[in-house]
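# Reading the structure
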Amino acid sequence: RRSLLASQTPPRKTLSRQRQESARSHPRFRSARNCCGMGGEAAPAAADALRALLEEEEEDLTGFAEDAAVQEALSCGRDLREHAEEVESSLRAVERESIADYIKESESLAGLHTQIRECDGVLDTMESMLRGFQSDLASISAQIKYLQDESLSMNVRLRNRKAAETQLSSFITQIVVPPELISQICEAEVDASYLGYVQQLDAKVSFAKLESTAMTSACADIAPELEKLRLKSVQRIRDFLLERVGRLKRRMTNTQILQNSVLLKYKGLYAFLQSHAPDVCAEVREAYTTTMSSVYLAKVRDYLTGLLALKVEPPSKSDLLAAEEWVGYTSSLFSSKPSHARGDGAFKLGERRAVLDAAGEPPLVLPAAQQEGKPLNYEAIFRSACTLLLDVASSEHSFLTSFFGDADSFDHVFGKSIFFAMENLEQHLVTSWDAVGCLLLVHVNTAQRDAMAARPVPLLANFFARVQVLVWSRFKAIMEAHVQSVSAFMPSGKAPETAPHYVARRYAELVASLRSLKVASVEPMLGSILRVLWTEVEKLLSERLARQHPTLKHQAALLINNYDLVVHTLAERGARGEESTHFEQLLDQVKTVFVEEQLLADNGKMISFVKQAEPLLVPGAPPEDAAKVDKGAMEHLTREFYDKWKAGIEAIHRDVVQSFSNFKLGMDILKQVLTQLLLYYTRFLDLVKQAFPHGPPFAQYILSIPTLMNEIKHFSRNF
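Counting its secondary structure elements, the chain contains 28 helices and zero strands. Contacts in the chain between residues far apart in sequence, at least 24 positions, make up 79% of those at least 6 positions apart. About 41,400 Å² of surface is accessible on the chain, with carbon and sulfur atoms providing 56% of the total.

This is how it looks when you write it as structure tokens:
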């Protein structure tokens, strides 16, 4: 294909030559040649024209070479000149056919031309008509615009006149004082209707004080009349409010009903005084706060005095832990026993816990409580008084905010009442030695503070904070006194009984009561105080009371009784804590000592023999050690135990019965003693078997283990 194309495509020189010939035949070339023939300055221009012409020819040739038809002709190997002649002859044939078609349709084209000219005439006529309509519409639009401008102008004038009329009417209405209002302000009774008259006067006086109003002559004319009416209304309102405040002083008056149904209904009158008579307003406010301060003080004093008449006598200094216990005495002229010593009752919580469940209940009704005559502990009185004080304070705070607009007078109103309540509490605490009551007060005070915090405004916060400090300080002082009394207690020279000591009993009741209360806010400090107290109680029991007994058995019995009392009391009251764990450990240790001492008293020889012979007869011991065992003593101990074992168990039973008054504790100790006896006897028999491998000669005197166990079970069941 390449060779064929090469043979059919003219050489580059031939194309170049053809281009040059074509260019020379171009008119622009001929004109350039003529210019060159002219010589001079025209020669360069002709050369430039020739170059431009050649460049155009080059571009045309390039475009033709890229033409699809030319490329197709070249690819088929055809001569371009022949192809060009064929195309030209085809174009001429098509041209002749087109001319023939035009000649054939000449009449139709002439008719069409005529119709087009007629349509142009019609369109010109319509254009003239539309231009006439447009000029008419422009004239009408101008007239409409004029009418709109006139309408807007008239509307603006109308609005201005109406606004002026409204302002003038409003001004006249607000500045003019009708005769009816004058007579109503001066003569009408002060009631709900009078409040409406005062509000009208307030609006007129306030309007007259405006700078824009004060500049008018009408205001200058009416101002004196308004001032007279203001003074008259202020005087009447003052007298009315002071008279209503004075009613609060009447005895047996329900202040809340009077406040809500009378004073609050007329708070608009006080608002009028605030705006137009600040001095009179301050006078009314001062009269109210002074009156209510004395009223609330009297009510709180009467309420506390009435409840304190029912108060249970609190524990005194004679009710400290280690204070002497008065038993079998009655108070008389010749008796040195304090008439108010309460013994264990000063340390028991008992029914006093009910005050915690009543924390959210309403205060006690004084007449009902007096009629019932039930004695009240101080914490119940304090709870009721605080609840009443908090309820009244909340109601008063609400009234002050609604009537006066603020509660700035609250401290003035309640200051004396709160001071009296605080003074009453201080007087009680100074003379009280009631640790349980103090912790109950802390609990009640915490509940009251929580109730206060749940209300919209934190009332009496300082009061409750001060109560917390006072009560806790007194509680610590009382507990320190308890610790000091135990530390300073010195028993008499006579050995005490092994029964529980009254100090241990009081201590157990006190700790059980304090632990049962579980006041979270003081729990860490309470734990520290109780640890100091149990240390002193332990020292008293183990170092000063127990050592008065000559034998370890009696010392252990005393400690067991006291420790068991403490543990049992705390468990029974549901007040287990550090104290329970500590005394349980001490109890287990002392029980072991008592068991050993009890067995040593009746079976000491056998126990000593077992402890001495066991190292000599252990498996693998040298024969010389086994020879050291006294077999005669072994036979003697066997015979002796065989003869006295029943009497020995009965003696153990009697000792345990006498040592422990608590049957359950005695049974536990008896089981431990008899079980340990069985263990020692079993170990003794093992030694006999090792010493006599073929059987001892005194075998008939050996008591069998089942027989001993049956007897032990018999005593354990019957105890």
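This brings us to a nonpolar patch on the surface. A surface patch of nonpolar side chains, about 420 Å² in accessible area, is lined by Tyr102, Leu109, Leu112 and Ile116. With three residues, the single largest contributor to the nonpolar patch is helix α7 (residues 106-175). Tracing the chain through its elements places Leu109 in helix α7.

A few words now on helix α17 (residues 378-403). The first and last C-alpha atoms of α17 sit 36 Å apart over 26 residues, in line with the 38 Å expected at 1.5 Å per residue. Within α17, 20 of the 26 residues are buried, which leaves it mostly tucked inside the rest of the structure. Where α17 terminates, the next one or two residues include Gly405, which has phi positive at roughly 90°.

Attention now goes to the nonpolar core. If you look at the biggest cluster of nonpolar residues, it comprises 173 residues, and the most contacted ones within it are Leu460, Phe475, Met634 and Phe684. Sorting elements by how many residues they give to this core places helix α27 (residues 663-691) first, with 14 residues. Discounting residues that sit within four places of it in the chain, Phe475 has contacts with Ala435, Cys438, Leu439, Leu514, Leu526 and Ile529.

Summed over all chains, the structure comprises 22 salt bridges. Note that Glu283 is salt-bridged to Arg238, the shortest N-O span being 2.7 Å. Residue Glu283 is located in helix α14 (residues 278-308), and its partner Arg238 is located in helix α11 (residues 217-247); the two are separated by 45 residues in the primary sequence. Residue classification places Glu283 among the partly exposed residues on the basis of a relative accessible area of 33%. Note on Arg238: relative accessible area 22%, which makes it partly exposed. When the shortest N-O distance is used, the salt bridge between Glu614 and Arg683 registers 2.8 Å. Remark: Arg683 occurs in helix α27 and Glu614 occurs in the loop between α24 (578-613) and α25 (623-627); sequence separation between them is 69 residues. For Glu614, a relative accessible area of 23% corresponds to the partly exposed category. Taken together, the shared-partner salt bridges connect Arg515, Glu523, Arg531, Glu578 and Glu579 into one network.

On to the side chain of Ser580, then. Here Ser580 is to be found in helix α24. Taking relative accessible area as the criterion, Ser580 reaches 0% and is therefore assigned buried. Apart from the residues within four sequence positions on either side, Ser580 is in contact with Val567, Leu570 and Ala575.

Ring pairs (aromatic) are described by centroid distance and by the angle formed between their planes. All told, the structure shown has 21 aromatic pairs when counted by the stated rule. Note on Tyr296 and Phe414: the rings are 4.7 Å apart at their centroids and 20° apart in plane angle, and the pair reads as stacked. One end of the pair, Tyr296, is in helix α14; the other, Phe414, is in helix α18 (residues 410-431), and 118 residues separate them in sequence. We classify Tyr296 as buried; its relative accessible area is 5%. Seen from their ring centres, Trp472 and Phe475 are 5.0 Å apart, and the 25° between their planes marks the pair as stacked. Note that Trp472 and Phe475 are positioned in helix α20 (residues 461-488) at a spacing of three residues, about one turn of the helix. Exposure remark for Trp472: the relative accessible area of 8% places this residue in the buried category. By relative accessible area, Phe475 is classed as buried at 0%. The ring of Phe420 has Arg301 lying over it, and the distance from NZ or CZ to the ring centre is 5.5 Å. Over the ring of Phe692 we find Lys631; its NZ or CZ atom is 5.0 Å from the centre of that ring.

Right, let's talk about the confidence of the model for the chain for a bit. For the chain, mean pLDDT is 81; residues scoring 70 or higher make up 84% of the total. Considering only residues more than four positions removed or in separate chains, one finds that residues 35-41, a stretch of pLDDT under 50, has five contacts. Low confidence marks residues 327-341, where pLDDT is under 50. Its contacts with residues over four positions away, or in another chain, come to 14 contacts.

Turning our attention to the side chain of Gln555. Of note, Gln555 is situated in helix α23 (residues 552-572). Of note is the side chain of Gln555, whose polar atom sits 2.9 Å from the backbone oxygen of His549. When residues no more than four places from it in sequence are discounted, the contact partners of Gln555 are Ala546, Arg547 and His549.

Contact geometry for helix α22 (residues 523-545) and α24: axes closest at 11 Å, N-to-C directions at 25°. In terms of orientation, α22 and α24 fall into the roughly parallel class. In this structure, α22 meets α24 at a crossing whose hand is right-handed. Contacts between α22 and α24 pair Leu530, Arg531, Trp534 and Glu538 from the former with Glu578, Glu579, His582, Phe583 and Leu586 from the latter. A per-class count over the contact of α22 with α24 returns four nonpolar, one polar and four charged.

Mapped onto the elements, Ala277 comes out in the loop between α13 (267-276) and α14. Ala277 sits 42 residues away from Gln235 along the chain, and the two C-alpha atoms are 9.7 Å apart.

Moving on to the environment of Lys416. Structurally, Lys416 can be placed in helix α18. Each C-alpha atom of the pair Lys416 and Ser293 lies 6.7 Å from the other, and the pair is 123 residues apart in sequence. Setting aside residues up to four positions removed in sequence, Lys416 forms contacts with Ser293 and Leu297.

Basis of the calculations
- Sequence positions are assigned chain by chain, starting from 1 and proceeding in written order.
- pLDDT decides what is reported in this predicted model: residues at 70 or higher carry local features, side-chain atom pairs at 80 or more are listed and counted, and totals for whole chains, interfaces and linings draw on all residues regardless.
- Only hydrogens and water are set aside when side-chain values are computed; all heavy atoms of the structure are taken into account.
- Helix and strand definitions follow DSSP, with helices as H or I runs of at least four residues and strands as E runs of at least two, each counted in order from the N terminus.
- The contact definition used throughout considers only heavy atoms, calling two residues in contact when any of these lie within 4.5 Å.
- Here the accessible surface of atoms and residues is derived via Shrake-Rupley with a 1.4 Å probe, and residues count as covered only by protein chains that are part of the display.
- For patch detection, residues must exceed 30% relative accessible area and be free of salt bridges, and they are connected within 9 Å for like charges or within 5 Å for nonpolar side chains (Val, Leu, Ile, Met, Phe, Trp, Tyr).
- Salt bridges, as used here, are contacts in which a Lys or Arg side-chain nitrogen is within 4 Å of a carboxyl oxygen on Asp or Glu.
- The span one expects for a helix is its residue count, reduced by one, times 1.5 Å.
- We call a residue buried when its accessible area falls under 20% of the maximum for its residue type, exposed when it is over 50%, and partly exposed in between, using a 1.4 Å probe and counting protein chains only.
- Take the buried Ala, Val, Leu, Ile, Met, Phe, Trp, Tyr and Cys residues and link them wherever side-chain atoms come within 4.5 Å; each set so joined is a nonpolar core.
- Pairs were defined over the aromatic rings of Phe, Tyr and Trp, the Trp ring being its six-membered one, requiring ring centres within 6.5 Å. Orientation was assigned from the angle between planes: stacked under 30 degrees, edge-to-face over 60, tilted for the rest.
- Placement of a positive charge over a ring is assigned whenever Lys NZ or Arg CZ falls within 6 Å of the ring centre and within 35 degrees of the normal to the ring plane.
- The pLDDT score gives, residue by residue, the confidence of the prediction method on a 0 to 100 scale.
- Any N or O atom pair separated by 3.5 Å or less is treated as a polar contact, with the protein-specific requirement of one donor-capable and one acceptor-capable atom, and with residues adjacent in sequence counted only for side-chain atom pairs.
- Fitted lines through C-alpha atoms serve as axes, helices being fitted only where they are in contact, and the angles separating the N-to-C directions of these axes extend from 0 to 180 degrees.
- Angular relationships are summarised with four words: roughly parallel below 35 degrees, roughly antiparallel beyond 145, roughly perpendicular across 65 to 115, and oblique for the angles in between.
- Note on convention: near helix rotated counterclockwise from far helix by under a right angle means a left-handed crossing. Clockwise means right-handed.
- In the scheme used here, Gly and all other residues not listed as nonpolar or charged are polar, with Ala, Val, Leu, Ile, Met, Phe, Trp, Tyr, Cys and Pro taken as nonpolar and Asp, Glu, Lys and Arg as charged.

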